[in-house]
Amino acid sequence: MSEEFSVAWRGRKLAILRKGQGSKSLLFIHGNSSCKEVFETLWRNPEFEDFCCIGFDLPGHGQSDDAVDPESAYTIPGYASAAAQVIRDLGLDRPVVVGWSLGGHAALEMAVSGVELGGVFITGTPPIGPGPSLLEGGFTPFTFAQSTGEENPSQEALRDYAAHMYGVPQARHEYFVPALLRTAGRARSRMTEHWLNHNGASHLDYARAGCQPLAISHGDNDPFVDPVFLDNLASPRLWGGKIHHFEKSGHAPFLDAPSEFAVLLRRFAEESLNR
């Protein structure tokens, strides 16, 4: 059973999709210019039958409203604030937050800001930033040639971005092109410029020495994230003591290898919530 509804955040609507009635909660945060529906296939996996899975559209994305305050809302701290509002309004008790790409940065921002979480599971996300010095090394040069931070890219550029973001088959990435076209252009450009100049708490420091459970997974064919940078983070602090690789996956391993991804996420969630 799934239901759609909304909550208010800064005077605007955040669209929410919830599936399942389990007492254990997983909150999913989508990537740049994407939408909550990207996780629906994963949620149908039997591994999550006894979980409550929740996704929401970030401000300026999907079915959520555009922000009334784009300069502060369309930032990683702004997106983290929106996610925290969802947690409060739904009364979620220590949810495990699953962040993909940009959503992983928002999840980490919640953690460093002191939001009480059961754990953080990120994929397609190097734990770096904010500020220019902290952004070096985590992304491949290819990332900065894409339209990830452009306010008004061409449709051709957005379709090329979709192909690399969602991977093959073509029908998959074409399905999400409308979400790319719908996204408020300022949401892309403002997020990028803010993260490059913001002076907040270091996500890299949190990945190395934070107190909440943290799992990092990576698709080995991801064109955006540098695997060497990730593997250099491997330490006993991380769940499993390593980066969890998906050998034949790209930027979205939960789409490329949903069954394998579901098993890994389930294990992390169970161990994190039972600690």
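Keep in mind that what you see is a predicted model, and the values were worked out from it rather than measured.

K.L.:
Help me out: how do you make sense of the overall build of the protein in this one?
P.N.:
A tally of helices and strands in the protein yields 12 helices and eight strands. The C-alpha atoms of the protein give a radius of gyration of 17 Å, which matches the 19 Å a tight globule of 275 residues would have. Reported as C-alpha extents along the three principal axes, the dimensions of the protein are approximately 45 × 40 × 40 Å. In the protein, which comprises 275 residues, the proportion classed as buried is 58%. Here the contacts in the protein between residues at least 6 apart in sequence split such that 73% fall between residues at least 24 apart. Averaging the positions of the 23 positive and the 33 negative side-chain charges in the protein gives two centres separated by 4 Å.

K.L.:
Help me understand the side chain of Ser217 in this model?
P.N.:
In this fold, Ser217 is placed in strand β7 (residues 214-219). Within the structure, the side chain of Ser217 is placed 2.8 Å from the side chain of Thr123, a separation counted as a polar contact.

K.L.:
Is there a simple way to explain the pairing of strand β3 (residues 24-29) in this structure?
P.N.:
Of all the six residues making up β3, six are buried; the element is thus mostly covered by neighbouring parts of the structure. Note: β3 against strand β4 (residues 51-56), six bridges, orientation parallel. Directly across from Leu27, in β4, lies its bridge partner Ile54.

K.L.:
Honestly, the sheet that holds strand β1 (residues 2-9) in this entry has me stumped. Any pointers?
P.N.:
Where strands meet in a sheet, backbone hydrogen bonds hold them as pairs that are either parallel or antiparallel. An order of β1-β2-β4-β3-β5-β6-β7-β8 is seen for the eight strands of this open sheet, with the pairing classed as mixed. The open sheet is flanked by β1 and β8 (244-246), the only strands paired with a single partner. When strand polarity is set aside, the average angle formed by the axes of neighbouring strands in this sheet is 20°. Lying on the sheet, helix α3 (residues 76-90) is in contact with β1, β2 (12-19), β3 and β4; it crosses β1 at an angle near 115°.

K.L.:
What am I meant to see in the packing of α3 against helix α8 (residues 185-197) here?
P.N.:
Helix-helix packing is characterised by the crossing angle of the two axes and by the distance between the axes. Following both chains from N to C, one finds α3 and α8 inclined at 110°, their axes separated by 8 Å at the closest point. By the angle between their axes, α3 is roughly perpendicular relative to α8. Of α8, the residues touching α3 (which contributes Ile76, Pro77 and Tyr79) are Ala187, Met191, His194 and Trp195. When its residues are assigned to classes, the contact of α3 with α8 shows six nonpolar, one polar and no charged.

K.L.:
I tried to follow the packing of α3 against helix α4 (residues 102-112) on my own but got confused; where do I start?
P.N.:
At their nearest, the axes of α3 and α4 sit 8 Å apart, and the two run at 70° to each other. One finds that α3 runs roughly perpendicular with respect to α4. Contacts between α3 and α4 involve Ile76, Pro77, Tyr79, Ala80, Ala83, Ala84 and Ile87 from the former and Leu102, His105, Ala106, Glu109 and Met110 from the latter. The residue makeup of the contact of α3 with α4, split by class, is 10 nonpolar, one polar and one charged.

K.L.:
Help me understand unusual backbone geometry in this model?
P.N.:
It is generally the case that most residues other than glycine have a negative phi and that most peptide bonds are trans. With an omega dihedral of 0°, the bond running from Gly129 to Pro130 counts as a cis peptide bond. Residue position: Pro130 is located in the loop between β6 (119-123) and α5 (155-166). Cis geometry is found at the peptide bond from Val168 to Pro169, where omega equals 5°. Here Pro169 lies in the loop between α5 and α6 (170-175). The phi torsion at Ser33 lies on the positive side, around 60°, for a residue other than glycine. Note that Ser33 resides in the loop between β3 and α1 (40-43).

K.L.:
Could you clarify how one ought to interpret the pairing of β1 in this entry?
P.N.:
For a regular strand, side chains alternate in direction, first toward one face of the sheet and then toward the other. Direction of pairing for β1 relative to β2: antiparallel, over a ladder of eight bridges. Paired with Glu4 across the strands is Leu17, a residue of β2.

K.L.:
Any chance you could explain a negative patch on the surface here in plain terms?
P.N.:
Taken together, the side chains of Asp220, Asp231, Glu247 and Glu260 present a region of like negative charge at the surface. Judged by relative accessible area, Asp220 falls into the partly exposed class, the value being 32%.

K.L.:
How do you make sense of the pattern of salt bridges when you look at a structure like this?
P.N.:
Side chains that carry opposite charge are capable of pairing whenever their charged atoms lie near each other. All told, the structure shown has 16 salt bridges when counted by the stated rule. Among the salt bridges present, the one from Asp50 reaches Lys24, with a minimum N-O distance of 3.4 Å. Residue Asp50 is located in the loop between α1 and β4, and its partner Lys24 is located in strand β3; the two are separated by 26 residues in the primary sequence. Salt bridges sharing partners connect three or more residues here, namely Glu71, Glu151, Arg186, Arg190 and Glu193.

Reading guide: rules and limits
Residues numbered from 1 in each chain as written. Predicted model: local features only at pLDDT ≥ 70, side-chain atom pairs only at ≥ 80, totals over all residues. Heavy atoms only, no water. Helix = DSSP H or I, 4+ residues; strand = E, 2+ residues; numbered from the N terminus. Rg over C-alpha atoms; globule rule 2.2 N^0.38 Å. Buried < 20%, exposed > 50% of the residue type's maximum accessible area, 1.4 Å probe, protein only. Contact = heavy atoms within 4.5 Å. Lys, Arg positive; Asp, Glu negative; His and termini not counted. Charge placed at Lys NZ, Arg CZ, Asp CG, Glu CD. Polar contact = N/O pair within 3.5 Å; in protein donor to acceptor, adjacent residues only side chain to side chain. Pairing = 2+ DSSP bridges. Axes fitted to C-alpha atoms, helices over the stretch in contact; angles between N-to-C directions. Parallel < 35°, antiparallel > 145°, perpendicular 65-115°, else oblique. Nonpolar A, V, L, I, M, F, W, Y, C, P; charged D, E, K, R; others polar. Patch = residues over 30% accessible without salt bridge, like charges linked within 9 Å, V, L, I, M, F, W, Y side chains within 5 Å. Areas by Shrake-Rupley, 256 points an atom, 1.4 Å probe, with all protein chains shown as cover. Salt bridge = Lys/Arg side-chain N within 4 Å of Asp/Glu carboxyl O.

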